[in-house]
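Summary of structural features
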Amino acid sequence: MSFRTSPLRVLALAGAALTVAAAPAQAQTLPTAEQVVARYVTAIGGEQAISAQQFRRVQIEMSMPAAGMSMTAEMMQARPNKAVMNIEIPGMGSMRQGYDGQVAWSINPMQGPKILEGKELADLLRQYDFDANMRFSHMFRTMETVARTEMNGESCVNVRMVTESGDEVLNCFADDDGLLVGAVVKSSTEMGQMESTITFHDYREFGGLKMPTRTSMSVMGQQMEMIVKSMTTDPIDASVFALPAEVKALQQ
Amino acid sequence: MKSIGFLALGAALSACATAAPPADAPSPTPARLDPAVALATFDSAWSSVNRTFWDTTFYGVNWPAVRDSLRPRAQQATSNAELRRVITAMLDELGQSHFNVIPGEASESLRAGGSEREGQPGDAGMEVRYVDGRVLVTRVVPGGAADAAGIRPGWAVEAAGAMTAQRVADAVQKLSGTMDARRVAYMAAGGAGAALRGTAGDTVQVKLSDGAGRMVERALVLRELRGQMARFGNLPPMEVRVEQDTLRASGRTIGVIGFNIWLPAAIPALDRAVDELRGTDGIVIDLRGNPGGLGGMAPGWAGHFVDRRDTLGTMITRRDRLEFVINPRRVSAAGQRVQPFAGPVAILTDEMTASTSEIFAGGLQALGRARVFGATSSGQALPSLMPRLPNGDVLLHAVADMIGPGGVRWEGPGVVPDTPAPVTREALLAGRDPALDAAVAWIVEQNSRR
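Scoring rules and cut-offs
Residues numbered from 1 in each chain as written. Chains lettered and ligands numbered in written order. Predicted model: local features only at pLDDT ≥ 70, side-chain atom pairs only at ≥ 80, totals over all residues. Helix = DSSP H or I, 4+ residues; strand = E, 2+ residues; numbered from the N terminus. Buried ≥ 20, exposed ≤ 12 C-beta atoms within 10 Å, placed from the backbone. Contact = placed C-beta atoms within 7 Å. Core = buried A, V, L, I, M, F, W, Y, C linked by C-beta atoms within 7 Å. Pairing = 2+ DSSP bridges. Axes fitted to C-alpha atoms, helices over the stretch in contact; angles between N-to-C directions. Parallel < 35°, antiparallel > 145°, perpendicular 65-115°, else oblique. Left-handed = near helix turned anticlockwise from the far one by under 90°. Nonpolar A, V, L, I, M, F, W, Y, C, P; charged D, E, K, R; others polar. Expected span 1.5 Å × (residues − 1). Arc of directions from axis to C-beta. pLDDT = per-residue confidence, 0-100.

1. As for the overall build of chain A
Counting secondary structure elements, chain A contains 6 helices and 13 strands. By residue count, 40% of the 252 residues in chain A fall in the buried class. Within chain A, residue pairs in contact and separated by at least 24 positions form 46% of the contacts whose partners lie at least 6 positions apart.

This is the structure:
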């Protein structure tokens, strides 16, 4: 388990202070947010490669060492934003979430089925946008470069992105290859706003696109590791994205 | 960017349990502890708390000074048991619940689904509480070893294995100077209850005083636990048992749901119980003796009884405020559209009701959706995590404060019943259950008013 809360806060405060002090100089040296994300799109394979994909099926192994838990997850997506995610948790069962193009839903053994609304819905749609990796300006109300920093041992440029609903993401793009190194995300969940720190590792090419095969996330003092086991772009049957019966019952 | 969907997992999976065995449980492998491992374990425990304790002032405790004073003792510890005592002393400085060390052996000693009969956990089939200075039998499980031996509720346990009433009394006397009576009763009943559990097939010699004051001695052969053994994460394997019943009183039908722990293995039976009792005139939820479990289950199950989106409470971590959101459950386990149960809901608590059970009971009480009967709960209601330490033990440590609707705080004071109905020996001997009786009477009254 990794507990980064306190050191991160110290770092964040230190970073903020540096940002203020160094702002005039950085304004001259930092690329614009548009330049950074354009470079990122090129780095992962380019708009053409992204546009060529119609489907994605990603299989993931997850672990939460602090809870002593290992899980498997599968995410299936189809253009423009249909998606189904299934997390199998030993001792509990499956937690599912999806969007059929009209209704976003979640089902988990503890809470039962639910139709997502409001900020939760907005957050989910942003995640499920098939072109989320290249449509930053569409997904975020504002984007601005704020500092050059180091994350995960790499020099990177922090770009602050703010959603329509005010949630903030601080994405850090590597100086050397333009790939996303990590992010500090404030996002809305049913329980409230949570801040998480995410780092991306071991990029590999799948179907012409580079994606991180290892993701580490620190949230609420808990560390979560996610390893991509496979990613395919073969067609996925439309029935996969159909609303589950429990969610249909909620609509009655 | 795609990781955001996993965020809520961490919060939902935080535990709210007090089911940790005592930290000084004997180790079956008393090999000399490597000083490097001892130090790494101590440091890991200290750091875990240092990074996650929700109050950055540690409520006035000088946390670095606590480390500095105890670290040399940790380095000198020659066994895991000794090291646990040092770490427990460190955690006790915080004065909060949900800070404990679960021995690694405890989490590995019981294997769920093991094939060898001699390895199966068992019990004597009776529950005990510490009442008015005595350990009383409060429940005898039909078909269990105690039932077969003719033991009845209200009898006082004078001895069970190595546990004697005198030893309990001595322990109570020692504890009384350091904690309140409710916590002492919790500890005393927990210790006495442990003497009535073991491996199925083992024999426990018990001596009891019956209703007429006669000494009764029995040899109880522990029987396999009735519930399902379940594992979840770093928690040791635990019995999960859900019981439901239907009572008739004054022409009304009342459902009763009791369960022993909030673990996911209970979810299907809990959901089914609500479905099956949906047509009754009221539901009694018996949380007596329930020590908690997975925190996320409380708001989820509360959705069966609440018809509007609401919150059972707020978890306050160092960085975030997270709501225990209740989503009304409008679909049955069979996938049919239903409405949450709208009839009267009574919840039974006692001093062994803790953690997630307190959040559930106290939350619904504060929302005005349930009335609580029985005795004040344990007052140990903090969300916690359970990382494994370098020596193989598991550290239970709270990571958030918990505030209920309207700002009520259960850590310490516990959930105070609307209708106090403490158990008494006289009632038990007469075959009565004061809390259940009061709850049933209230449900009958509520229905007569409707």
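Still to come is the rest of the account.
2. Here's the deal with the overall build of chain B
The number of helices and strands found in chain B is 13 helices and 25 strands. Within chain B, residue pairs in contact and separated by at least 24 positions form 71% of the contacts whose partners lie at least 6 positions apart.

3. Brief notes about the nonpolar core
If you look at the biggest cluster of nonpolar residues, it comprises 148 residues, and the most contacted ones within it are A:F173, B:A266, B:V284, B:I347 and B:A439. Top element by residues in this core is helix α13 (residues 434–449) of chain B. It accounts for 6 residues. In this structure, B:V131, B:M163, B:A195 and B:L196 belong to the second largest nonpolar core, which totals 37 residues.

4. A closer look at the interface of chain B and chain A
Every contact between the two is made by 49 residues of chain B and, on the other side, 48 residues of chain A. Taken together, the elements giving at least two residues each to the side of chain B that touches chain A come down to α1 (7–12), α2 (35–52), β12 (228–232), α10 (297–302) and β19 (321–326) of chain B.

5. Thoughts on the sheet that holds strand β8 (residues 197–199) of chain B
Spatially, the 3 strands line up as an open sheet ordered β8-β3-β11 (chain B), and their pairing is antiparallel. Of all the strands in the sheet, the pair left with one neighbour each is β8 and β11 (223–224) of chain B.

6. Notes on the packing of α2(B) against helix α3 (residues 63–76) of chain B
Residue and element names in this part refer to chain B. Two numbers describe how α2 lies on α3: the axes approach to 9 Å, and their chain directions differ by 160°. In terms of their interaxial angle, α2 and α3 are classed as roughly antiparallel. Considering only the axes of α2 and α3, their crossing is right-handed. Of α3, the residues touching α2 (which contributes P35, A38, L39, F42, W46 and N50) are W63, R67, R71, A74 and Q75.

7. A short note on the sheet that holds strand β18 (residues 310–316) of chain B
Residue and element names in this part refer to chain B. Strands sit in the order β19-β18-β24 across an open sheet of 3 strands; the sheet is antiparallel. The open sheet has two edge strands with one neighbour each: β19 and β24 (401–403). Taking the axes of each pair of neighbouring strands and ignoring which way they run, one obtains an average angle of 25° across the sheet. Across 5 bridges, the pairing between β18 and β19 is antiparallel. Within the sheet, the bridge partner assigned to T314 lies in β19 and is E323. This element, helix α11 (residues 356–366), spans β18, β19 and β24 of the sheet and lies at about 130° to β18.

8. Describing the pairing of strand β10 (residues 215–221) of chain B
Remember that side chains alternate between the two faces of the sheet whenever the strand is regular. All names here are of chain B. Strand direction decides the pairing type here: strand β9 (residues 203–209) and β10, joined by 7 bridges, are antiparallel. If you follow S209 over to β10, its bridge partner there is M215. Hairpin geometry of β9 and β10 is characterised by an intervening segment of 5 residues between the two adjacent antiparallel strands and by a positive phi of about 85° at G213.

9. Brief notes about the environment of B:P236
Mapped onto the elements of the fold, B:P236 is located in strand β13 (residues 235–240). In this structure the C-alpha to C-alpha distance between B:P236 and B:T353, which are 117 residues apart in sequence, comes to 19 Å.

10. Details of the packing of α2(B) against helix α4 (residues 80–92) of chain B
Residue and element names in this part refer to chain B. Two elements in contact, α2 and α4, have axes whose closest approach is 11 Å; the angle formed by their N-to-C orientations is 20°. Relative to α4, α2 is oriented roughly parallel. Of the two possible hands of crossing, α2 and α4 adopt the one that is right-handed. Only L83, V86, I87 and M90 of α4 make contact with α2, whose side of the interface consists of A38, T41, F42, A45 and W46. Class assignment for the residues of the contact of α2 with α4 results in 8 nonpolar, 1 polar and no charged.

11. Looking at α11(B)
Residue and element names in this part refer to chain B. Across the 11 residues of α11, 10 count as buried, placing the element largely inside the fold. All of the buried residues along α11 are T356, S357, E358, I359, F360, A361, G362, G363, L364 and Q365. Within two residues after α11, G368 carries a phi angle of roughly 75°, on the positive side.

12. Describing unusual backbone geometry
Here the amide bond leading from A:R79 into A:P80 is cis, since omega sits at -5°, within 30 degrees of zero. The backbone of B:F58 shows a phi angle near 55°, a positive value even though the residue is not glycine. In this fold, B:F58 is placed in the loop between α2 and α3. With 18 C-beta atoms counted inside 10 Å, the residue B:F58 sits in the partly exposed group.

13. Overview of the pairing of strand β4 (residues 93–99) of chain A
All names here are of chain A. Pairing geometry for strand β3 (residues 82–89) and β4, over 7 bridges, is antiparallel. What sits directly across from I87, in β4, is M95. The antiparallel pairing of β3 with β4 creates a hairpin that spans 3 residues between the two strands, and G91 there sits at a positive phi of about 85°. Looking at chain direction, β4 and strand β5 (residues 104–108) are connected through 4 bridges and run antiparallel. Each residue of the ladder has a partner; that of Q97, found in β5, is S106. Between β4 and β5, which pair antiparallel in sequence order, lie 4 residues; one of them, G101, sits at a positive phi of approximately 105°.

14. A short note on α4(B)
All names here are of chain B. The terminal C-alpha atoms of α4 lie 18 Å apart, and with 13 residues this matches the ideal 18 Å at 1.5 Å per residue to within 8%. Looking only at α4, the buried set comprises N80, L83, R84, V86, I87, M90 and L91. Down the axis of α4, the sector holding all buried residues measures 160°, keeping them to one side. On its buried face, α4 is in contact with α2, α3 and β2 (99–102).

15. Some remarks on the environment of B:P434
With respect to the helices, strands and loops of the structure, B:P434 is situated in helix α13. Taking the C-alpha atoms as reference points, B:P434 and B:A192, 242 residues apart in sequence, are found 22 Å from one another.

16. Quick look at the environment of B:D271
All names here are of chain B. Its place among the elements puts D271 in helix α9 (residues 267–277). Residue classification places D271 among the buried positions, given that 21 C-beta atoms sit within 10 Å. When the C-alpha atoms of D271 and A333 are compared, they prove to be 6.4 Å apart, with 62 residues separating the residues in sequence.

17. Concerning the confidence of the model for chain B
Residue and element names in this part refer to chain B. Per-residue confidence for chain B gives a mean pLDDT of 88, with 90% of residues at or over 70. Across residues 1–12, where pLDDT falls below 50, the model places 35 contacts with residues more than four positions away in sequence or in other chains. In the model, residues 19–29 has pLDDT below 50 throughout and makes 27 contacts with residues more than four positions away in sequence or in other chains.

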